[in-house]
Protein chains: 4
Amino acid sequence: MSKIERVGVALDSNLLAEFDQLIRSKGYPNRSEAVRDLIRAKLTETALEVPDAYAIGSVFLVYDHHEAKVAEQLTHLQHTHLLTVIASIHVHLDHHNCLEVIVLKGRVAEIQKLADQMTSLKGVKLGRLSLAAVACDHNHNH
Amino acid sequence: MSKIERVGVALDSNLLAEFDQLIRSKGYPNRSEAVRDLIRAKLTETALEVPDAYAIGSVFLVYDHHEAKVAEQLTHLQHTHLLTVIASIHVHLDHHNCLEVIVLKGRVAEIQKLADQMTSLKGVKLGRLSLAAVACDHNHNH
Amino acid sequence: MSKIERVGVALDSNLLAEFDQLIRSKGYPNRSEAVRDLIRAKLTETALEVPDAYAIGSVFLVYDHHEAKVAEQLTHLQHTHLLTVIASIHVHLDHHNCLEVIVLKGRVAEIQKLADQMTSLKGVKLGRLSLAAVACDHNHNH
Amino acid sequence: MSKIERVGVALDSNLLAEFDQLIRSKGYPNRSEAVRDLIRAKLTETALEVPDAYAIGSVFLVYDHHEAKVAEQLTHLQHTHLLTVIASIHVHLDHHNCLEVIVLKGRVAEIQKLADQMTSLKGVKLGRLSLAAVACDHNHNH
């Protein structure tokens, strides 16, 4: 089991004053939590540079549901990737546009490829991918 | 109603050959769709620089549900922002970690502020925000 | 004059082990320097969101010097912005292509505008802008 | 030798109107140049994902020249990488701070490593790397 360690960090007083102001404006409860978030963000960014790393991701898609077949093609892509697609949200934005957010699990390169396939469909207007590195999942069927 | 226009673009043959290769690797059905995606991505990036612009967003959060009160605080933040939170997905990643993806609608600055408040909670390990600009929503209560 | 303060940060031992590995791979001399860099990067990113903030920037441009007038237009843009352009480097990349890196000082919005004007010139193939927030410069003529 | 080809792109009239407005605000002379820039930016972004690809880069460093040895260490790093460092600019920002912009040529992974070593030096407050993919350089000594 992991335990908590206390690390001392030397900071110039001006830098510390600016950091404390940022911490307040972002709503952090204390400095430790803010530093931990910076460290975790850097670690996950580095981990995701490895195409074979495991990750959880969400694909954020805006599309025109009047466009023939885009909904059908999105469903098809999700069903042919049953191992990686976990869940999705569908939101009606206006008369034309839908938002679909699809949560995926797998290797970074696989998730990026599926996200590319979805984003490049005719009718999909915008695609964005968010990723977080996760520990290797031994139950993941590969 | 909008109609389709055809625009001619002059491209060096080498640049066109490289672009065609990218189009194939990303899975685009044709050049027009690939160019439209580039244009839309640039437009939405520019639109989102304005804090007052309307947007749809998803906040992607990884958190430790053993951390006292993080789930409760996330729920509380969503309920005190009823106007902007539309829906959410919750996924169990492993013994410790959960993923929550929360879809929000509102002005860019409001969404960013709420995303900051969620990301800075103790127990939340990673926060990522995806945004798309949307047309002004006249039914949005402000 | 600023002095050095020592701040204690509580870290889970697993997170600390991963951070120590990152520190070694990036070549940091110690944890304090790595944490300071994370804090400074976040502070400058936040400061640069304000269009009126003062900044130092470099515009990184790849262009085809055979393209009529691009060099002349770049020189013209620099000379009509004498207040902001500090210095530049010019590098011959190959028979066609040059790299020009131009260092600018001024308000974020002004630097971005000049960088846009340079990037959009016919013959300029790629433009990238790097920015760092600087303290307000009272000698800057506005 | 490369020649110019003309490609037709089908665009919804609303999307075209928004694009034309962006083109004007960025200062592009015409639509073709704006589309070419979008294509080139996407191509270079994709090319740079390959660690072995050749690139030209600039490292943008803000550092405190009062910090013992940082200037000396930066010079040392540049001299031990003679193959890749092409040129540099040095600018005095204020009593404490200097900007140094260093232009480098080599493989993406090599440039990133050297940029990391420079950024992680004690006294260096901020490091940013800009990269452009270049055609393989057969005269590059490896």
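Now for a look at the structure at hand. (Residues numbered from 1 in each chain as written. Chains lettered and ligands numbered in written order. Predicted model: local features only at pLDDT ≥ 70, side-chain atom pairs only at ≥ 80, totals over all residues. Heavy atoms only, no water.)

### Here's the deal with the interface of chain B and chain A
Item 1. Taken together, the contact pairs 40 residues of chain B with 40 residues of chain A.
Item 2. Between chain B and chain A, the buried area comes to about 3,100 Å², and carbon and sulfur atoms account for 64% of it.
Item 3. For the chain B face of the interface with chain A, the top three residues by lost area are Phe 60, Ile 89 and Ser 120 of chain B, together amounting to 17%.
Item 4. Our count for the chain B to chain A interface comes out at two salt bridges.
Item 5. Broken down by class, the residue content of the side of chain B that touches chain A amounts to 20 nonpolar, 10 polar and 10 charged. (Contact = heavy atoms within 4.5 Å. Buried area = accessible area lost by both parts, 1.4 Å probe. Salt bridge = Lys/Arg side-chain N within 4 Å of Asp/Glu carboxyl O. Nonpolar A, V, L, I, M, F, W, Y, C, P; charged D, E, K, R; others polar.)

### Section: the interface of chain A and chain C
Item 1. Every contact between the two is made by 29 residues of chain A and, on the other side, 29 residues of chain C.
Item 2. Roughly 3,200 Å² of surface becomes buried between chain A and chain C when both sides are summed, with 69% attributable to carbon and sulfur atoms.
Item 3. Of all residues in chain A, Val 7, Val 9 and Ile 39 of chain A bury the most surface against chain C, accounting for 18% of the area lost on that side.
Item 4. Looking at the side of chain A that touches chain C, the elements that each hand over two or more residues are strand 1 (4-12), helix 1 (13-26) and helix 2 (31-47) of chain A.
Item 5. Top element by residues in the side of chain A that touches chain C is helix 2 of chain A. It accounts for 10 residues.
Item 6. Of the residues contributing to the side of chain A that touches chain C, the split by class is 13 nonpolar, six polar and 10 charged.
Item 7. Bridge count for strand 1 of chain A against strand 1 (residues 4-12) of chain C is nine bridges, and the pairing is antiparallel. Residue pairing in the sheet places Gly 8 of chain A in a bridge with Gly 8 of chain C of strand 1 of chain C. (Helix = DSSP H or I, 4+ residues; strand = E, 2+ residues; numbered from the N terminus. Pairing = 2+ DSSP bridges.)

### Quick look at helix 2 (residues 31-47) of chain C
Residue and element names in this part refer to chain C.
Item 1. Helix length check: helix 2, at 17 residues, gives a terminal C-alpha distance of 24 Å against a target of 24 Å (1.5 Å per residue), a fit within 8%.
Item 2. Those residues of helix 2 that sit buried are Ser 32, Glu 33, Ala 34, Val 35, Arg 36, Asp 37, Leu 38, Ile 39, Arg 40, Leu 43 and Thr 44.
Item 3. At the N-terminal end of helix 2, a side-chain oxygen is found 3.2 Å from the backbone nitrogen of Ser 32, two or three residues along, and the residue is Asn 30. (Expected span 1.5 Å × (residues − 1). Buried < 20%, exposed > 50% of the residue type's maximum accessible area, 1.4 Å probe, protein only. Polar contact = N/O pair within 3.5 Å; in protein donor to acceptor, adjacent residues only side chain to side chain.)

### Comments concerning the side chain of Glu 100 of chain C
Residues and elements named next belong to chain C.
Item 1. Structurally, the position occupied by Glu 100 is in strand 4 (residues 97-107).
Item 2. One buried charged residue, Glu 100, forms no salt bridge at all, with the nearest opposite charge on Lys 125 at 14 Å.
Item 3. For Glu 100, the side chain forms a polar contact with the side chain of Tyr 63, separated by 3.2 Å.
Item 4. The residues contacting Glu 100, other than those within four sequence positions of it, are Val 59, Phe 60, Leu 61, Tyr 63, Gln 78, Ser 88, Ile 89 and His 90. (Lys, Arg positive; Asp, Glu negative; His and termini not counted.)

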